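Chain and residue survey
The chain contents come next:
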Amino acid sequence: MNETSAATPGLAEETEAAAGTVQSTDATVGEIYVDDPRMTCRNVNVYYGEKQAIFDVSLDIGKNQVISMIGPSGCGKSTFLRCLNRMNDTIDVCRVTGQIKMDEQDIYDGGLDVVPLRASVGMVFQKPNPFPKSIYDNIAYGPKIHGLSDNKEHLDSIVESSLQRAGLWEEVKDRLDQPGTGLSGGQQQRLCIARAIAVSPEVILMDEPCSALDPIATAKIEELIDELRENFTIAIVTHSMQQAARVSQRTAYFHLGKLIEVGETDQIFTSPRHKLTEDYITGRFG
Amino acid sequence: MNEMTSGHIVKAYSAELDHLNELVLDMGNLGQDQLRRAVQTLKDEDPKAAGQVIDRDRKLNDIDIQADEEIIRLIAKRQPMAKDLRDILTVQKTISDLERVGDEARKIANLTIHFYDNGKNPPSKEILHDIYDMSEFVDEMLGLSLVAFTELDLDKALEVIEMDKKLYEDFRGSLRRLSTFIMEDSRNVGSVVDIVLALRALERIGGHAKNIGGFVIFLVTGKDVRHEDIQAISAEIEANRVAE
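Quick caveat, the model's predicted, so the values are computed rather than measured. (Residues numbered from 1 in each chain as written. Chains lettered and ligands numbered in written order. Predicted model: local features only at pLDDT ≥ 70, side-chain atom pairs only at ≥ 80, totals over all residues. Heavy atoms only, no water.)

A separate point is the overall build of chain A. A tally of regular secondary structure across chain A gives ten helices and ten strands. Taken against the 2.2 N^0.38 rule, which gives 19 Å for 286 residues, the C-alpha radius of gyration of chain A at 19 Å falls within 12% of a compact globule. Each principal axis of the C-alpha atoms in chain A carries an extent, and together these give about 60 × 45 × 35 Å. The 286 residues of chain A split such that 55% are buried. In chain A, the share of contacts with a sequence separation of at least 24, taken over all contacts with a separation of at least 6, comes to 69%. Counting 27 positive and 41 negative side-chain charges, chain A places the centres of these two groups 4 Å from one another. (Helix = DSSP H or I, 4+ residues; strand = E, 2+ residues; numbered from the N terminus. Rg over C-alpha atoms; globule rule 2.2 N^0.38 Å. Buried < 20%, exposed > 50% of the residue type's maximum accessible area, 1.4 Å probe, protein only. Contact = heavy atoms within 4.5 Å. Lys, Arg positive; Asp, Glu negative; His and termini not counted. Charge placed at Lys NZ, Arg CZ, Asp CG, Glu CD.)

Have a look at this one:
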């Protein structure tokens, strides 16, 4: 079942027939719906000026699930991710059509305040970007401006619990007053995750969160993602297929702005149904 | 090179997968040849040739080990996904089955030595007859399974799986027929038991060919059919063809 149907101009069916795979790019292959969605996206189109970057994408983001978005550079996966907390609003020429709902609320409703939206749908970027403040203040900043703490004691407990949930507490508890920028790359990224957690989000968006990290720091983030899934919904864009296979329950494959295939991660990485998905994940994509 | 192995951006990856598939064919041809030679030694009453068949089994063991080493390296180096992963798993399982084909052929060669070495009492030709018939059928199954693997041919894979039913029926029929020799003359017991073991070895070779047919279906469709009903598998494959 799917709702996407728009044909993509210029999206050629590039490869020869293969047994057991679909080749048409007219509609998304796989189940775009989930039983318990945290966010629902329907017929989402994104334009940068005249250029269309996302074509009629419909997809549910399941509650307490990790969904990976994969695809070649320029396929629109990060653009789509940024639609989920209206980060694309910061780009003047960017225009989004279609519907993205969280808890029955259309997040593109004209009257909606994006500040609480971005607290509810937090984001972690490719490069760790701690504030040029102390470790403590990096975490405390969000709860302070969103009025989530009643007093210093409460704020302290938010800072501690956020750092603990991000698996960083033991490493930094004795140096909370030192600059966040003084931490290692992996620690900085976990600090950014702790910062996102501190404002009690429902969804965390991660845009290639491990691409600047070494394998050990990557493993710690992946372990953290798995733990965070219990309380949060996570959408992650990654170029590492192995990472997508390791951390997510569902995987969505994008190609030239279209959602080509979505499905259970186990299925996508063992028996993808679309030839483009298969060519990409097996390294055949020219 | 076929559509399962070709087309990688990193050409060495395709070449490595191709080499694995070549090992399967080398091993398949060797296994089939071992089967034919082992049965021929019985026909020729030639224990010396049987000894050569037994010695030659080492080649199959060597390829088995070589393939495992290459598979381990390939998994570590390439982290295969989707059809590459299925291809590697299929190769590993197929190689393993073919190695056992060699073991079964060796059992038949051992029987030749047991019967004809050092002037022991050979069985009557009449009792041996079922071995020859069954070996031809099993040879055909094994050959068909290798063609199915090479050509990624689902119809041939299904045909091999279907043939295994007839093989089992033939095996049961042979057991009934052989039991009459014991009823006629209890001195036949020893020979009949040995021949039943040989028939069992052939029946197992057919089972390995059937397994390879199942692996081919897994390789092409991604569906594990090892414990599924053949009619249901066939219907599903046909339905998928129509849908495409």
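To continue, consider the packing of helix H4 (residues 125–151) of chain B against helix H6 (residues 189–221) of chain B. In helix packing, the relevant descriptors are the interaxial angle and the interaxial distance, both defined with respect to the helix axes. Residues and elements named next belong to chain B. One way to put it is that H4 packs onto H6 with a least axis distance of 9 Å and a crossing angle of 15 degrees. Regarding the angle of H4 to H6, the classification is roughly parallel. You can see that H4 and H6 cross each other, and the crossing is left-handed. In this structure, H4 contributes Ile127, Leu128, Asp130, Ile131, Met134, Ser135, Val138, Met141, Leu142, Ser145, Ala148 and Phe149 to the contact, and H6 contributes Val192, Ile195, Ala198, Leu199, Leu202, Glu203, Ile205, Gly206, Ala209, Ile212, Val216 and Leu219. For the contact of H4 with H6, a count of residues per class yields 19 nonpolar, three polar and two charged. (Axes fitted to C-alpha atoms, helices over the stretch in contact; angles between N-to-C directions. Parallel < 35°, antiparallel > 145°, perpendicular 65-115°, else oblique. Left-handed = near helix turned anticlockwise from the far one by under 90°. Nonpolar A, V, L, I, M, F, W, Y, C, P; charged D, E, K, R; others polar.)

This brings us to the nonpolar core. Ile131, Leu202 and Ile217 of chain B are the most contacted members of the largest nonpolar core, which totals 71 residues. Elements represented by at least two residues in this core include exactly helix H1 (11–44), helix H2 (47–78), helix H3 (82–116), H4, helix H5 (154–184), H6 and helix H7 (230–243) of chain B. In this structure Ile217 of chain B touches Leu154, Ala157, Leu158, Ile161, Gly222, Lys223, Val225, Ile233 and Ile237 of chain B, once residues within four positions along its chain are discounted. Listed in part, the 35 residues of the second largest apolar core include Val124, Ala194, Ala217 and Ile234 of chain A. (Core = buried A, V, L, I, M, F, W, Y, C linked by side-chain atoms within 4.5 Å.)

This part covers unusual backbone geometry. One non-glycine residue with positive phi stands out, namely Asn64 of chain A, at about 50 degrees. Looking at the secondary structure, you find Asn64 of chain A in the loop between strand E2 (51–62) and strand E3 (66–70). With a phi angle near 50 degrees, Leu152 of chain B is a residue other than glycine that sits in the positive phi range.

What follows is about the pairing of strand E7 (residues 203–207) of chain A. Residue and element names in this part refer to chain A. Of all five residues that make up E7, five are buried, and the element is covered over most of its length. For strand E6 (residues 121–124) and E7, the ladder comprises four bridges, and the chain directions are parallel. Bridge pairing in E7 places Val121 opposite Val203. Two elements, E7 and strand E8 (residues 233–237), share five bridges in a ladder whose sense is parallel. Residue Asp207 lies in a different strand from E8, and its bridge partner there is Val237. Following the backbone out of E7, through helix H7 (residues 215–228) and into the adjacent parallel E8, one traces a crossover that is right-handed. (Pairing = 2+ DSSP bridges. Right-handed = clockwise from strand over helix to strand, strands pointing away.)

Turning to the UniProt feature "domain: ABC transporter" (unreviewed entry) in chain A, a few remarks are in order. If you check UniProt for "domain: ABC transporter" (unreviewed entry), the listed places come out as residues 39–281 of chain A in our numbering. For residues 39–281 of chain A, the end-to-end C-alpha separation is 26 Å, with 37% helix and 27% strand making up the annotated structure. (UniProt positions renumbered as here; feature names shortened; annotations may be inferred.)

The next point concerns the confidence of the model for chain B. On average, residues of chain B score 93 in pLDDT, and 99% of them reach the 70 mark or higher. Scored as a whole, the predicted complex attains pTM 0.84, and scored at its interfaces, ipTM 0.78. (pLDDT = per-residue confidence, 0-100.)

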